[in-house]
Amino acid sequence: MEILAALLRHFRPRLWFFAAAHCLTGIVAAQGAGILQSDLWTWLQYAVACGLWSVSLVGGGAALCDAFAMYGQDTREADGYVTTRERLGWIALATLLGGMALSLLISWSYWDAYRLGLLLLAVYAAPPVRLARWAGGDFALQGLGLGALTFYAGIAATETGLLDGYPLPLFIAGFFLLFVAAKAFLREGAKKSAWLYWTTLAGAFACLSVGGVMAGERWAAALLVFPLGVWTVAGLDRFDARATGRFRGKTSVFGAWLLTDAAVALAALLT
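Residues numbered from 1 in each chain as written. Predicted model: local features only at pLDDT ≥ 70, side-chain atom pairs only at ≥ 80, totals over all residues. Heavy atoms only, no water.

1. Details of the overall build of the protein chain
Rules: By definition, any uninterrupted DSSP run of H or I lasting at least four residues is a helix, any uninterrupted run of E lasting at least two residues is a strand, and each is numbered from the N terminus. For each residue, the accessible area found with a 1.4 Å probe, counting protein chains only, is set against the maximum for its type, and the residue is called buried under 20%, exposed over 50%, and partly exposed in between. Here, residues are in contact when the closest pair of their heavy atoms is within 4.5 Å. Using the Shrake-Rupley algorithm and a 1.4 Å probe, accessible areas are obtained, with residue cover drawn only from the displayed protein chains.
For the protein chain, the helix and strand inventory stands at 11 helices and 0 strands. Ordered by position from N to C terminus, the α and β elements of the protein chain give α-α-α-α-α-α-α-α-α-α-α. Looking at the protein chain as a whole, 45% of its 271 residues qualify as buried. For the protein chain, the share of sequence-separated contacts (at least 6 apart) that also reach a separation of at least 24 residues comes to 76%. Total accessible area computed for the protein chain in this model is approximately 13,900 Å², and 67% of it derives from carbon and sulfur atoms.

This is the structure:
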């Protein structure tokens, strides 16, 4: 049981709800109010799509990153630790490939999105490239995967044909920038973090607001005001020198992100 618990921690269960909720936002954005008339089978398909993305891809990807973390290092750990690390890598790989096979049950577009996620993961974590070693690569690839591609995967799971003519690039750019802002918020010891946070936050909400209006979502800009306020208050608290050590970083970021997802989804439902 201890080994199982240790392995499970590498799969980052705390990220599963976040990734599933973000993928569901893409589903709601694609379906709009029509999602309320979906039958039980369709809802089950959407649940599987969100589950595969959050557990198999995001969870398996996090575990694989940990497995590669010791690559190229002269470790003096006990043989049992190294064996666990190797087992973690194989379990993570099996989870990722199993998810890719099951993604065929959702749609071809969703399968393509899953494969693109695997490609980003390989470039991000696997040697010899391993772009995660540099801050720019870490920000960019995580923003593309967790911010932009997760939202796109939800849209792809619906196969509504919304990809044609929908202002998808604006939503993709918006969520990418929003994730970069979240990373800047959580980054410690970087003088440029405040500048990066405010710049990417402004760009993110500009893209989401304009994209919502172009999609015919009349309430998009108004509904986004509240999460923007939460992000602003959190940022002022985070980067105020007098507030050092007071802010609750991950709680603030995850809460503000979920509010943003809720605003995007609600705007689509009210269209």
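Picking up where we left off.
2. Overview of the state of the cysteines
Keep this limit in mind: In plain terms, two cysteine sulfur atoms within 2.5 Å form what is called a disulfide here.
Following the criterion strictly, the structure yields 0 disulfides and no others. Its sulfur unpaired, Cys50 is 4.0 Å from the next cysteine sulfur, which belongs to Cys23.

3. Some points on the side chain of His22
The condition is simple: Any N or O atom pair separated by 3.5 Å or less is treated as a polar contact, with the protein-specific requirement of one donor-capable and one acceptor-capable atom, and with residues adjacent in sequence counted only for side-chain atom pairs.
Residue position: His22 is located in helix 2 (residues 13–31). Relative accessible area serves as the criterion here: at 0%, His22 is assigned to the buried category. Reaching out from His22, the side chain makes a polar contact with the backbone oxygen of Gly147 at a distance of 2.7 Å. Dropping the residues within four chain positions of it, His22 is found in contact with Leu146, Gly147, Thr150, Phe151, Phe175, Trp257 and Asp261.

4. With respect to the packing of helix 7 (residues 168–186) against helix 10 (residues 225–239)
Let me state the cut-off plainly: In this analysis an axis means a line fitted to C-alpha atoms, helices contributing only their contacting stretch, and an angle means the value between N-to-C directions, from 0 to 180 degrees. When an angle is under 35 degrees it counts as roughly parallel; over 145 it counts as roughly antiparallel; between 65 and 115 it counts as roughly perpendicular; any other value is oblique. Take the far helix as the reference: if the near one is turned anticlockwise from it by less than a right angle, the crossing is left-handed, and if turned clockwise, right-handed.
At a minimum axis separation of 11 Å, helix 7 and helix 10 run at an interaxial angle of 30 degrees. As the angle between them shows, helix 7 and helix 10 are arranged roughly parallel. Where helix 7 crosses over helix 10, the handedness of that crossing is left-handed. Each of Leu178, Ala182, Ala184 and Phe185 in helix 7 lies in contact with helix 10, whose residues at this interface are Trp231, Ala234, Gly235, Arg238 and Phe239.

5. A few points about the nonpolar core
Selection criterion: In this description, a nonpolar core means a group of buried Ala, Val, Leu, Ile, Met, Phe, Trp, Tyr and Cys residues linked to one another through side-chain atoms lying within 4.5 Å.
The biggest cluster of nonpolar side chains holds 66 residues, and the ones touching the most others in it are Trp53, Tyr110, Phe175, Leu178 and Trp231. The element contributing the most residues to this core is helix 3 (residues 40–68), with 11 residues. In contact with Trp53, not counting residues within four places along its chain, are Val58, Tyr110, Ala113, Tyr114, Leu149, Thr150 and Ala153.

6. Comments concerning the environment of Ala47
Position of Ala47 among the secondary structure elements: in helix 3. For the pair formed by Ala47 and Ala20, sequence separation is 27 residues and the distance between their alpha carbons is 8.6 Å.

7. Examining a nonpolar patch on the surface
Condition: Here, patches come from residues exposed beyond 30% relative accessible area and free of salt bridges, joined within 9 Å for like charges and within 5 Å for nonpolar side chains (Val, Leu, Ile, Met, Phe, Trp, Tyr). Within this document, salt bridges are pairs made up of a side-chain nitrogen of Lys or Arg and a carboxyl oxygen of Asp or Glu, the two lying within 4 Å of each other.
On the surface, Trp41, Leu44 and Val48 cluster together into a nonpolar patch covering about 340 Å² of accessible area. By secondary structure assignment, the location of Leu44 is in helix 3. Owing to a relative accessible area of 46%, Leu44 belongs among the partly exposed residues under this scheme.

8. Quick word on unusual backbone geometry
Even without a glycine there, the phi angle at Arg12 is positive, about 50 degrees. Judged by relative accessible area, Arg12 falls into the partly exposed class, the value being 33%.

9. Considering the confidence of the model for the protein chain
Formally: What pLDDT conveys is the predictor's confidence in a given residue, as a value from 0 to 100.
Across the protein chain, the average pLDDT comes to 85, with 85% of residues at or above 70. Contacts of residues 73–82 to residues separated by more than four positions or lying in other chains number 2 contacts, the stretch itself having pLDDT below 50.

10. Considering the pattern of salt bridges
One pass over the structure, following the stated rule, counts 3 salt bridges. Across the pair Arg12 and Asp66 runs a salt bridge whose closest N-O atoms are separated by 2.8 Å. Here Asp66 lies in helix 3 and Arg12 lies in the loop between helix 1 (2–10) and helix 2, a separation of 54 residues in the sequence. Note that Asp112 and Arg115 form a salt bridge whose closest N and O atoms lie 2.7 Å from each other.

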